Amino acid sequence: MLNRRDLLKTTVVGSAVAALAWSAPAQSYPSVEEVLFDPEIPVLGNPEGDVTIAEYFDYQCPFCKRGHKDLLDVVRQDGNVRLVMKDWPIFGSASVHASSLVLAAGENYEKALNAVMATPGRLDKEDVEAAIAGAGLDPKALWERFRKDMDRVHGVLARNMDQANAFGFGGTPAFIIGTRIYHGAMDRNTLLEAIAAARQS
């Protein structure tokens, strides 16, 4: 059983970021299992890793995009981290469209995710589909898959939204590493420190 801990303050990329270790039994919080082990969300990195990183993100968030390569590099180089990308499309219909197509991509999830995360700036639906097509995937086929898988995708997005609201996230990105919450962007060194802290807790 995890114990609730006091709010900690840390500095990430020059700005104050609050970190909180959360407890599953707290009424206002979802459980560790619900957040880190949602069976409907693909796992990147090492599925058997000893630390899980969950990132609440939006495909139009510039800070999410800017940090994505560092996040993937850290996970790859560590070799023992599970990565769960928690779609939280808060920037409008293009973000929802991107999340819907990527979550419907099945075995091509990571390819679709990385393609859309590599796009610059704000998006419209055509930008999303062009990015997916540029990765060698057929956006029309993904749309058909989404239509058949709509209940699952909508369920994932609804759970992620409920969790983000329960944790009081003010925007994207937000991270949970182990059982500690980090609000805001994280650079490579801070990610490494957070992973080390999770292993020590």
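Read on for a plain summary of the structure.

This part takes up the pairing of strand E5 (residues 81-87). Extensive coverage of E5 is indicated by the burial of 7 of its 7 residues. With burial as the criterion, each face of E5 is covered, one bearing Val81, Leu83, Met85 and Asp87 and the other bearing Arg82, Val84 and Lys86. Examined bridge by bridge, strand E3 (residues 43-45) and E5 share 3 bridges and lie antiparallel to one another. The residue of E5 that forms the bridge with Leu44 is Leu83. Sheet analysis places strand E4 (residues 51-57) next to E5, joined by 7 bridges and oriented parallel. Bridging across to E5, Ala54 finds its partner in Val84. Following the chain from E4 across helix H2 (residues 62-78) to the adjacent parallel E5, one finds a crossover that is right-handed.

Further remarks concern helix H6 (residues 139-148). Taken as a whole, H6 has its buried residues at Pro139, Leu142 and Phe146. The buried side chains of H6 occupy one side of the element, clustering within an arc of 55° when seen end-on. Turned more than 90 degrees away from the buried face of H6 sit Lys140 and Lys148, all of them exposed. Residues of H6 that are buried make contact with helix H3 (93-103), helix H5 (125-134) and helix H7 (150-167).

Another aspect to go through is the pattern of salt bridges. On inspection of all chains with the given rule, the structure shows 10 salt bridges. Arg199 is the partner of Asp78 in a salt bridge, and the nearest nitrogen-oxygen pair spans 2.8 Å. Of this pair, Asp78 sits in helix H2 while Arg199 sits in helix H8 (residues 188-200); the two residues are 121 residues apart in sequence, bridging distant segments of the chain. Looking at Asp78, the relative accessible area reads 30%, which means it is partly exposed. Residues Arg145 and Glu107 are paired through a salt bridge, measuring 3.8 Å at the closest nitrogen-oxygen approach. Taken together, the positions of Arg145 in helix H6 and Glu107 in the loop between H3 and helix H4 (109-117) put the pair 38 residues apart, joining distant regions of the chain.

Quick look at H3 now. Summarising burial for H3: 9 of the 11 residues are buried, a large majority. Restricting attention to buried positions, one finds in H3 the residues Ala94, Ser95, His97, Ala98, Ser99, Ser100, Leu101, Val102 and Leu103. Residues of H3 that are buried make contact with E5, H4, H5, H6 and H7.

Direction vectors running N to C along H2 and H4 enclose 135°, while the axes themselves pass 9 Å from each other. Taken together, H2 and H4 sit at an angle that is classed as oblique. Across the interface between the two elements, Cys64, Lys65, His68 and Leu72 from H2 touch Leu113, Asn114, Val116 and Met117 from H4. Taken together, the residues of the contact of H2 with H4 sort by class into 5 nonpolar, 2 polar and 1 charged.

Calculation criteria
- Residue positions are given per chain, counting from 1 as you read along its sequence in written order.
- In keeping with the model being predicted, local features are shown solely for residues with a pLDDT of at least 70 and side-chain atom pairs are shown and tallied solely at 80 or more, while totals for entire chains, interfaces and linings include all residues.
- Hydrogen atoms and water are omitted, and side-chain values are computed over all heavy atoms in the structure.
- Burial classes: relative accessible area under 20% of the type maximum marks a residue as buried, over 50% as exposed, and values in between as partly exposed (1.4 Å probe, protein chains only).
- Strands are runs of DSSP state E lasting at least two residues, helices are runs of H or I lasting at least four, and both sets are numbered from the N terminus onward.
- Two strands pair if DSSP finds at least two bridges between them.
- Think of it like this: strands point away, you trace from the first strand over the helix to the second, and a clockwise trace means the crossover is right-handed.
- Taken from the helix axis, the directions to the C-beta atoms give the arc we talk about.
- Contacts are assigned to residue pairs that have any heavy atoms within 4.5 Å of one another.
- One speaks of a salt bridge when a side-chain nitrogen belonging to Lys or Arg is within 4 Å of a carboxyl oxygen belonging to Asp or Glu.
- Helix axes use the C-alpha atoms of the stretch in contact, all axes being lines fitted to C-alpha atoms, and the angles between their N-to-C directions lie in the range 0 to 180 degrees.
- Here roughly perpendicular refers to angles of 65 to 115 degrees, roughly parallel to angles under 35, roughly antiparallel to angles over 145, and oblique to all remaining angles.
- Each residue is assigned to one class: nonpolar for Ala, Val, Leu, Ile, Met, Phe, Trp, Tyr, Cys and Pro, charged for Asp, Glu, Lys and Arg, and polar for all the others, Gly among them.

The values reported here are purely geometric and, on their own, carry no functional implication.
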